[in-house]
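Understanding the architecture of this molecule
Residues per chain, in single letters:
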Amino acid sequence: MTQLYLMNNDSLFLKNTVLFGGDYNPDQWDRETIQKDMALFREAGINILTFPVFAWTKLEPVEGRYCFAWLDEIIDLIEDNDFHFFLATPAAAPPAWMSLQYPEVHLVDVQGRRKVHGSRTLFCLNSEKYRERAALMAEQLAGRYGKRKGLAGWHVANEYGHYCYCGTCRTKFAGWLKNRYGSIDALNRRLNTAFWNRTYTSFDEIMVPSELNDDNVCDPAVMLAYQRFMTDSTLECFQNEARILKKATPELPVFTNFSSNLKPLDLSRMAEAMDVIGWDNYPDPGSPPSFTAMTHDIMRGLKDGRSFYVMEQSPNQQNWQPYNKLKRPGEVRELAYQGLGRGADSSMYFQMRQSVSGVEKFHGALISHSGSSDTRIFREMKQLGGELKNLGKYIVGAETCSETGIIMDWESWWALENSSGPSESLDYLAEVHKYYAPLYRRNIPVDFLKPGSDLSKYKIILLPLLYMLAPETAERLERFVENGGTLIATYLTGYADEDDRCVYEAYPGLLRKVFGLWVEETDALLPGEKNTIHTAKREYSCDFLCDRIRLEGAEPLGFYGEDFYAGEPCFTVNHYGRGKAYYLATRPEDPFLDDLSGQILSENKIRPPFSTEGEVEVSERIRNGEQIWFVICHDRDGGSIDLSAAVYEDLLSGKKLQGTIRLAARDVLVLRTCIG
Amino acid sequence: MTQLYLMNNDSLFLKNTVLFGGDYNPDQWDRETIQKDMALFREAGINILTFPVFAWTKLEPVEGRYCFAWLDEIIDLIEDNDFHFFLATPAAAPPAWMSLQYPEVHLVDVQGRRKVHGSRTLFCLNSEKYRERAALMAEQLAGRYGKRKGLAGWHVANEYGHYCYCGTCRTKFAGWLKNRYGSIDALNRRLNTAFWNRTYTSFDEIMVPSELNDDNVCDPAVMLAYQRFMTDSTLECFQNEARILKKATPELPVFTNFSSNLKPLDLSRMAEAMDVIGWDNYPDPGSPPSFTAMTHDIMRGLKDGRSFYVMEQSPNQQNWQPYNKLKRPGEVRELAYQGLGRGADSSMYFQMRQSVSGVEKFHGALISHSGSSDTRIFREMKQLGGELKNLGKYIVGAETCSETGIIMDWESWWALENSSGPSESLDYLAEVHKYYAPLYRRNIPVDFLKPGSDLSKYKIILLPLLYMLAPETAERLERFVENGGTLIATYLTGYADEDDRCVYEAYPGLLRKVFGLWVEETDALLPGEKNTIHTAKREYSCDFLCDRIRLEGAEPLGFYGEDFYAGEPCFTVNHYGRGKAYYLATRPEDPFLDDLSGQILSENKIRPPFSTEGEVEVSERIRNGEQIWFVICHDRDGGSIDLSAAVYEDLLSGKKLQGTIRLAARDVLVLRTCIG
Amino acid sequence: MTQLYLMNNDSLFLKNTVLFGGDYNPDQWDRETIQKDMALFREAGINILTFPVFAWTKLEPVEGRYCFAWLDEIIDLIEDNDFHFFLATPAAAPPAWMSLQYPEVHLVDVQGRRKVHGSRTLFCLNSEKYRERAALMAEQLAGRYGKRKGLAGWHVANEYGHYCYCGTCRTKFAGWLKNRYGSIDALNRRLNTAFWNRTYTSFDEIMVPSELNDDNVCDPAVMLAYQRFMTDSTLECFQNEARILKKATPELPVFTNFSSNLKPLDLSRMAEAMDVIGWDNYPDPGSPPSFTAMTHDIMRGLKDGRSFYVMEQSPNQQNWQPYNKLKRPGEVRELAYQGLGRGADSSMYFQMRQSVSGVEKFHGALISHSGSSDTRIFREMKQLGGELKNLGKYIVGAETCSETGIIMDWESWWALENSSGPSESLDYLAEVHKYYAPLYRRNIPVDFLKPGSDLSKYKIILLPLLYMLAPETAERLERFVENGGTLIATYLTGYADEDDRCVYEAYPGLLRKVFGLWVEETDALLPGEKNTIHTAKREYSCDFLCDRIRLEGAEPLGFYGEDFYAGEPCFTVNHYGRGKAYYLATRPEDPFLDDLSGQILSENKIRPPFSTEGEVEVSERIRNGEQIWFVICHDRDGGSIDLSAAVYEDLLSGKKLQGTIRLAARDVLVLRTCIG
C-alpha cells in the first residue's frame, strides 16, 4: 500500500473502495431533482461525488459574504445517503462581481487582450486579488466541512492549464528570470539574446512571449522559460489553496484533476504538490487503446508508480468533439477496466446529471435530460457499479511491476515543439507513443520515468527524442549502460542544455561516447516521403527524419536504402561497459520496432504474463503480494488469452477459468490465481 | 391585391408595374455620364432606380449642413425621363467626419476592437449619435422629396445584418435582459448561469458574448439572447428612420433590402416593421435552383404570402466570389422569372453602371466599364425589360395558393448552430432545404410559416429540426394533427424552451404524445459515414444523426440496418386524433423523401398543376382569381411540360400552346388559360 | 564595367573578386570560437563577411553611450586574416531599452496592435525617435570604421519589407496623400471615394487601411496608395542612414539586402537609392530552377542590367520551411553558378556559423553546431570557394545582352492582388513566370523592364497582366510596335490608371488601337476547369480567365473550343505600323507558349547560344567584350550541350571542350572561347 495519507473518519473507505461516481452540480438543480438523483445514484451503485466545482458566486455572492446553507443541506443529504464526496474549491471560475470590481483578475490572452467575465478559467494565475479570494474561500470550506464524515478529500480548482500574458505576469516573469539567472548578463548569455538583438540591459525590459512580440513563435528559449514559469505560477495557485486545506485536514488527500491535454503544464513538477494524481480521461475519437493505456501509465509514473484517480470520463457522447458519437455498448466498461488495470483506484465520470443548458448541455451523463434510469447508459453504469463493489480489496493502492522504462520529459516536449525546424510534423507525444506501442502490443508493462528517475531497477530504457539533456541525466544513462542496461535512443536526442542552447560539439552531445557516433546533419522528409532501412535480415520503411551519422565505435545494424545517403548507417548499437546502446537515426515503421523489441526483450528475458491473440490488453496490479490481471479485448473481431494449465478466478463473473479463453469484443476479465 | 399602402401620385405605377431597374450611384458620375445613362436606361426598358444609397457625406458634408442641390438635379433628370425611384437613406455608411468627431458611432467587433472609418456598415446599432444624425437625415429627405412625382417608396439603409459588441451595446443589452427577465435571479435561473459560474449578482455584471469572454462560442443561451437583442437593435435603427418617413408620406412603402445572408437577423421579426419585403438575390455559385426558389418562398412567407421585391441581383459576374463566372446566356432571364413566379413584383439589379474603382469595381452591371450598349448583357437585359412591360397587370400583388407548409424558425436556427454538439456539420438552412426540395421537385407550392402561424388552411406541415418549441406552438401542432393534418418532424425537434433550456422530460418534449415516442440518445455520424433505413418496400441510406427512439404508441415504418442499433425503429407514424404524425429519427437520402412526399401528397390529394419532365420548375400566381403559371426549364438537357388538352397563352411569346411542349435549357413560359 | 563606385583602399578587391562569404555574428561568440572560425574561413576560401547585423544593443547599451571596443577587436582580427567585410548597420532590430523608453518606436500591426520588444523588424518606419537613433548610429559607425582597410561597403539594416499602421504613419500618410493629390476634392475624385461613402471632407479624416476599417481588403485603391507610401517610408528609412554613410565614404557602395519575398516594397523604386542591388536567394521548396533564374533576372533588371550581389543563400537546410530538407550534394554549387551566370558578382551565405539557440538555431551554416570542418557541407563550400578564386576577372561587373524584355510592374502586381475579382487564383508573379519560362526553357536571355524603360533595343516585349497603364507607357509601347517590334500582351492588360480607376472606354484602354480589339467581359474558370484554344495547326488547353473579345482590326489566330463563347477568338495578332501586337485572351498551357515563342523568336531571328538537351540552363555574361557562358544541368537524368566545332575552355576544370558534352545532374561548366 502506497497511499500515504490517513483517512479522517471511516479510513477504510479510500483504502478499500474503487471510487465510482463523479462530478455533480447540485447548484444547478432544485431540491426535488436532487432528491430523485440520490435514489438514482443508489440504484447505480455510486459511492463518491465531486462538487461544487463551479459555485463560487453561490458560495460568496458578495466579496466576503459567504452563503453555505444550501451546501450544508446538500452535504447532509449526501451523507444521509451514505455517499462520500471530494469537496471542490470553486477556484476555476471566479465570480462575475470579482471581474467587475477587479478587472485585473482576468487573464490577458496570447493575442494581447484582457478578458472579461464569461467562460471559465479566464483568471490570471498571478493575480494577487484572485489568490487572496481563493485562499479565503479555501479557509472557509476547510473550516466548515473539514470534519464532515463523508469528506474523502479536496479537489482544488479544475483542469489547470491556461496561460496569462498580462502586466502582472510580466513583472513576475522578470523576477522569475532574475531568480533563475542571477544577473542580466547571465540571462543574455544563457538565452543567447544576441540573436536578433533581444539583448537586455535590465530585467525591466523583459516582455512575455506573445503575439505582441511574436516571441511565442520566434523565441523558443524564452517561450520555454515561460512554459516553466506558467507551470510554477500554476503550482503556486494550487498551493495557495492546498496549504490551507492540508493544514486544516492533514489526514485528507488534496489534489486537482489534470486535463487530458497534458502539454501546457509540466505535470512531473505539478505532481510533487499532489497527494494523489487525478486526471480526466477523454480519449480523442479514433485514438487507439494503446494511447489511452500510455496516458494511464504516464499518470502512474508521475508519482513513481503510485496508483491514481481517474476523475472524469464521459458515460456517453461528448459535446465538444466535431462529431459526438455515442459510446458503444460495453465501451464505458472497457475504458473503466483499462484504467483500473493500469493503476487507477477509481472510475469517475463527468457527469452525474446532464445540464439543461450551457455549452455542455449535450455532454453525456449518468442521468440524461430524460431524467430516466430506463436508458442503455444507466443500465451499463449500474452493471459497472455492481461489479466494482467487489474489487476494492484486490486493487486499491496496488502496484505494477516493470523492468522497462521510457523517459518522458515535458521540457524536451516543449523545446522540440517550440522549435522552428527540422519538421513541422514533429509531435512529441505521438513519437513517445510510437516507441511505447510495441511494448504495449506485447503486454509488457512499462514505467514512465523522468530524466531524474532512478534507473537501477530497469533492464531496458527507451529514450525517444530526449532533446534536452542535463549532465546528471547523461551520467545516469551512461552508468545504466555500463552496468549492463539496454538503452535505445532516437534522432533528436542530446541536442541542447537546459536553456535550449545546442551543444558546441556534435549531437548527441554528452551521450556521444555512449552511442559511439555523432550526427552530422538531419534531413526532413516530406509527408508521405519514405526511405528504407536495410538490416541483415530484411528491409523496412522509415520516414520523418533521417540523420546522417558518423560512427565512432558503434556497430551499424541497418543502412539507408535511398537518397544520396543510401548505404550509410541508420541503426546502430554500441557495446558500452556491460550494456548496449542502440541508436535510431530515422523513424522506422512499426514492424521494425516490433522485431527490435522482440529481440531486445528476449535478450533481457522479459516475457508477457500470458500469450494472447488479437488486440487483447493484459495488465497487472499487485497488492500485498497478490497479482490481479486485467484482460480486455479491444479487438472488434474478438481474441483470446491462453491461461495454460493454471486455474484462475474471474472476479467479475466468479467463474473459474483455465486453458484458452475466447473473448468477444470489449470482453473483460479480472483474474486472480486460484489457490489450490 | 394585398398591397396595403396607397400610392401618392400615379398610384397605378406600383400596382400594375413589374419593377425593372435597380441601384444607381449618380454621386459617382459626372453630368455627361448621367445624361448618357438616362438614354441607355430608356433603351433597356428600366422603370425604377434606387439611390443614393452611399451618399451621406455628399448630402451632409458638415454636421447639420445639408447639400441637396446635386440630388435635386438628378431627381429632375430622372423624372424628366419618366423613371420612378426608391429614395434611399444613406444610413448604411456614416460620414468620415462623424467617425472623427464621434468615434463611438463605430462598432466594436467580436474580437473586441473599435473600428474606424472605412468599409461600409461599421456603425454601432445602438449609438445615440448615429441614430440622431440618421433621423435628422431622414427628416430632411422626407421633407424635401416626399412629394416628388417619381418617388415610389423609401429604401432605408442597406442590407442590415452586422453586430456590435461595444460598451453602449453592453449597457443596452443589460437593460434588454432586465426587461426580459425582470430580476437577476430569474435571469440566473432561466439562463442556467450556474453552469461554469456565470452567475450574476447584478445586471451591471452582464458582458456581451464575444472573443473577450469566449461566450460567443461558450455560452449558447447568452449568444441566443444577443442575437435577439441585435435583431431588436436593428429594428430600432430601421424604425428610427421609418417612423419619420412614414409620418411624412403615409401613402408610400418604407422598407429595407434584406441581405441574401439570412441568418444574422430574425427576419420574421424584421418583417413586421416593413411595408413590403425587399431582398437581394445572390445565389451562391453551385447552389441549385431549388435553393433560390426556397429563398423566394421564405421571403413570400415573411408577410404571410404577400408579394415582395427582389431589390438586387447581378446582371452578370460578381466580384466577391472566389471565381466570378459570367452569367450564362439566358441566365439573367431565368433567374428573373423564377423570382416573379414565386411572389416577386420586381426584378431589380445591382447595378445600373459599374463603378470605376472600389472593391466592387469588377461587379457586373447593366452598363459595364465599356459604357456601351453593344454588349451581350445589355441586350439580354433589354429583352427582359421589353417582356416585363406586359406582365404587370397579371402578376403584381398576385398570391400563391398552398396546402403544404414548412415551419422555419430563426431562433431554432441560432440555437442549433450556437450549440456545441451533436455534430459540427449542422447547417439549419441546408436541412430545411433538404425537406423542402422534394416538394419543389414535384412543383408543389409550399408556404414558409412561423412557429406562431395559423395552420388551419394546411393539410401537410413539415417540421424540420424545430429545436425550440414554445407551449403554444406545441399546442397548435397538436390541434393540427388532431384535426386531420399530416405532420412530419425530424431529429432535433422539441428539445428546448425559449431560453434554450432543454426539456426535463425526454425529447421531443411537448410533442412526445403527438409523435408517440421519446428519444433516448442521438449518435452523430462522421462525414461520409452512413446507416440504412429498411422499410417494408425497400432500403435507403441515411446519415448525419441517428436518434435511438423509444416508441410509446407510434408505429414503426422503417428500421436501422447498421450499427449496434440495427433493427431499432428510425421512421415512425403515430395516428393521433384524425391525423398522422411522422417522425424521422435520422436524415434519409433524397429518394426516401421523394417516396415519402409522393405517398403523403397522394393521401392528401395534393397534385402538381402540370406534369413535367426534366428539371422544369412550375409556379403559380393568382391575381383577381386569374391563375398565371411560370414554367422555367433549369435542365441543361432540356425538358418538357404536358399542358394536355387545354389551351394556354404564353404571355412572353404571345403564342397559343397545347399538349406537350418541349423546352430548351433556360426556356421560360408565362401561361394563362385561354378563355374559350 | 558598370560598377560606378570607387574603392577606398584596395580598389581591385570588389572589381575583380567574386565575393564568397556571408553573414557572421561575432557578437554571439567568445574569442576562442571566433579565432577558430577565422582558420576555418581561410580553409574554405571565404573572402567577405557581413556583420554586425543584429548588435545594436551591444553597440549602444544605453541611449547615446557607444561600445565599440569589442567590434574594433573583431575587425582587427578580420583584417589580420585578410578578409573584407560589409559593415552592417544594426537598424533592423532596435534595442530593448529603446522599446521601453519610447514605445512608439514599435509598429502597430494590421490587426491594430502596438508591438513590444521581441522579434526583429518590429519598428515603425516613420518613428522619429527610431530614425534619430539609427542616424546617430550610422554616424558613429561611419566615423569609426569608414577608413578601415577591410571595409568593402555598407549594408543598411536587413530585409526591409514590413508595414506599420500606427498613428504616426496615419498622420504621415495623410500628408503623403495631400502631397500627391493636392486637395481633398482631387483625392475624392481620383480615389472614387463616393463608393461606399468613403468621401473625405478633410485630410484629418484619413485612416490607414487595416483590419480596423477592413480597407486592407475593402479599398483596393487606398491599399495601393498605402503600398506606395510604405515603399516611400522604407526608402526614407534607408536614406536616413545611407546619406550619412555616403557622405563619410563616398567611394564605398551603400545598399541593403532585399528579401526573397519581393512583393511588399516596390523594388524598382527602392533600387534607385541603392549603389548596388543585394538580395537574399531562398528558393521555395519545389520551386523550379526557372523561377530562381527569373528572380536573378529581375534583380539584374532593377538597375537596368547592372550586376548585383547575392547576399544570402543557405549552405544547407533552412529551419523555417515546414520540412527542412538538406541541400543535396552539388546543390549549393548549382545554385551559386546559376546566380553568377545571371548577373551576380557574389555567392554569399547566411550564415558562417550556426547559432546555438534562437529561432534559427537549426538553419544550415558553413560551420554547423558540430564546429567541425569534417562535414559534407564544409567540403562542398570549400570546393566552391576554390573555384571562385579564378573567376573574378572574367565575370565581375559583366553584363548580359538581350533582345527580349518583360515589363514587370510592382503597382500592377499590388493592384491586381488587392482586387476582389475576377479570380482569387490570381498570382501576379506566377503569371509573369508563366510567360518568362518558355524563353528560359530555350536559353534566350530576357531583361526585366519597368513600365518606364527604354524599349528601343528590344525586338520582343512581353506584357503579362500590365493592369495599370500610364499614358506614357502606352505611347512608348505603341511606338515600339509601330517601329517593328513584337508585343505580346495578356488578359488584364490596360485596365486602370495610376489610381486604379478603370478606363471609361473598354479594356485594354489606351492600347485598344494597338491590339485592334476590346474586351467585352471576362469569365473566371474554377480551379481545374479548362477551355481549349483551336489554332490553324492544333488544339491546346487553357484555363484561369477567358476574355470575350471584340475584334476591331485584329486577326484571330485561335478560337475557344468550349462554353457559350466557343468559336469566338481568344488569340489574335494585330499588324500595327511595322510591328505586330499579339493578344492572349486566356491563359494557355505551356506547349502553346513554347510554340508561340518558337515562332516569334524565329521571326525575329533570335537564337539560343547553344543547342542543349534535357533541362540544361545556359546563360551568358560579357566583360570587356569577352563572353563567358554558364552551363548548368538541372536535369535529374542528366543532359547535354552541343558546342559544335568551336573549342571552349571550362574555367572550372581547365579542360578544353568541343562537340557534344554530356552533363550529369548538377554539373556546371563555365566556358570561354579558346583563342586560336
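Residues numbered from 1 in each chain as written. Chains lettered and ligands numbered in written order. Predicted model: local features only at pLDDT ≥ 70, side-chain atom pairs only at ≥ 80, totals over all residues. Heavy atoms only, no water.

Remarks on the interface of chain C and chain A
Going by this rule: Here, residues are in contact when the closest pair of their heavy atoms is within 4.5 Å. Using a 1.4 Å probe, buried area is obtained as the accessible area two parts lose upon being combined, added over both of them. By salt bridge we mean one thing: a side-chain nitrogen of Lys or Arg within 4 Å of a carboxyl oxygen of Asp or Glu. Pairs of N or O atoms within 3.5 Å make up the polar contacts considered here, provided that, within protein, one atom can donate a hydrogen while the other can accept it, and that residues adjacent in sequence are counted only when both atoms are side-chain atoms. Working definition: helices are DSSP H or I runs of at least four residues, strands are E runs of at least two. Numbering for both runs from the N terminus.
Residue-level contacts link 52 residues of chain C with 54 residues of chain A. Carbon and sulfur atoms make up 54% of the area that chain C and chain A hide from each other, which totals about 4800 Å². Among the residues of chain C in contact with chain A, Y323(C), V359(C) and F362(C) are the three that bury the most area, contributing 15% of the side total. Our count for the contact surface shared by chain C and chain A stands at 8 salt bridges. A salt bridge links D523(A) to R328(C), with the shortest nitrogen-to-oxygen separation between them at 2.8 Å. At the junction of chain C and chain A, the tally comes to 30 residue pairs in polar contact (both at pLDDT 80 or more). Those elements giving two or more residues to the side of chain C that touches chain A turn out to be α3 (56–59), α5 (96–101) and α14 (376–388) of chain C.

Some details on the packing of helix α2 (residues 31–44) of chain C against α14(C)
Residues and elements named next belong to chain C. This is how it is decided: Lines are fitted to the C-alpha atoms to define the axes, a helix being fitted only along its stretch in contact, and any angle between axes, read from their N-to-C directions, falls within 0 to 180 degrees. The scheme is simple: roughly parallel for angles under 35 degrees, roughly antiparallel for over 145, roughly perpendicular for 65 to 115, oblique for anything else.
At a closest axis distance of 8 Å, the pairing of α2 and α14 adopts a crossing angle of 55°. When the axes of α2 and α14 are compared, the pair comes out oblique. Seen from α2, the contacting residues are L40, E43 and A44; seen from α14, they are F378, M381, K382 and G385.

Notes on the domain arrangement of chain A
Residue and element names in this part refer to chain A. Heads up, the rule is: Boundaries of every domain are those given by an automatic assignment or by a domain database.
What the domain assignment reports for chain A is domain 1 (276–389), domain 2 (404–603) and domain 3 (611–673). Spacing between the C-alpha centres of domain 1 and domain 2 amounts to 34 Å. Taken together, the contacts link 14 residues of domain 1 with 11 residues of domain 2. Summing both partners gives a buried area of about 1100 Å² for domain 1 against domain 2, and 62% of it is carried by carbon and sulfur. Taken together, the connections running from domain 1 to domain 2 amount to 2 salt bridges.

With respect to the pairing of strand β19 (residues 579–584) of chain C
All names here are of chain C. Defined as follows: Classification of residues uses two cut-offs on accessible area relative to the type maximum, computed with a 1.4 Å probe and protein chains only: under 20% is buried, over 50% is exposed, and between them is partly exposed. Two strands pair under a simple rule: DSSP has to find at least two bridges between them.
With respect to burial, β19 is a largely interior element, 5 of its 6 residues being buried. Direction of pairing for strand β13 (residues 486–490) relative to β19: parallel, over a ladder of 5 bridges. Bridged to A489 within β19 is Y583. When strand β18 (residues 569–576) meets β19, the two strands line up antiparallel, connected through 6 bridges. Note that in β19 the partner of Y576 across the bridge is G579. Remark: 2 residues form the turn of the hairpin made by β18 and β19, two consecutive strands paired antiparallel; G577 in that turn has positive phi of roughly 60°.

Regarding the relation of the copies chain B and chain A
The condition is simple: To superpose the copies, least squares is applied to the C-alpha atoms of every residue with a pLDDT of at least 70 in both.
Superposing chain B onto chain A takes a rotation of 120° plus a shift of 0.0 Å along the axis, which leaves an RMSD of 0.0 Å. The transformation relating the two chain copies, once decomposed into turn and shift, fits a three-fold axis.

Side note on the interface of chain B and chain A
Contacts between chain B and chain A engage 54 residues on the former and 52 residues on the latter. In this assembly, chain B packs against chain A so that about 4700 Å² is buried in total across both faces, 54% of it on carbon and sulfur atoms. Of all residues in chain B, the largest losses of buried area upon contact with chain A belong to W196(B), N197(B) and Y504(B), amounting jointly to 17% of the total for that side. At the junction of chain B and chain A, the tally comes to 8 salt bridges. Among the ionic pairs, R550(B) bridges to D374(A), the shortest N-O distance being 2.5 Å. Counting residues per element, the ones that place at least two in the side of chain B that touches chain A are α9 (215–218), β14 (517–524) and β16 (539–551) of chain B. Considering each element in turn, the side of chain B that touches chain A owes the most residues, 6 residues, to β14(B).

What about the sheet that holds strand β1 (residues 19–23) of chain C?
Residue and element names in this part refer to chain C. In space, the 6 strands of this open sheet follow the order β5-β4-β3-β2-β1-β9, with parallel pairing throughout. Two strands lie at the open edges of the sheet, namely β5 (254–255) and β9 (346–349), each paired on one side alone. Sheet analysis places β1 next to β9, joined by 4 bridges and oriented parallel. Note on β9: the bridge partner recorded for L19 is S346. Against the sheet, helix α4 (residues 69–80) touches β2 (48–51), β3 (84–88) and β4 (151–155), its axis set at about 170° to β2.

Here's the deal with α2(C)
Residue and element names in this part refer to chain C. Definition in use: The span expected for a helix works out to 1.5 Å for each residue beyond the first.
Here α2 is 14 residues long and its end C-alpha atoms lie 20 Å apart, about the 20 Å a rise of 1.5 Å per residue gives. Residues of α2 that are buried include every one of T33, I34, D37, M38, L40, F41 and A44, and no others. Along its buried surface, α2 packs onto β1, β2, α4 and α14. Note on α2: the residue one or two positions beyond its end, G45, has a positive phi of about 85°.

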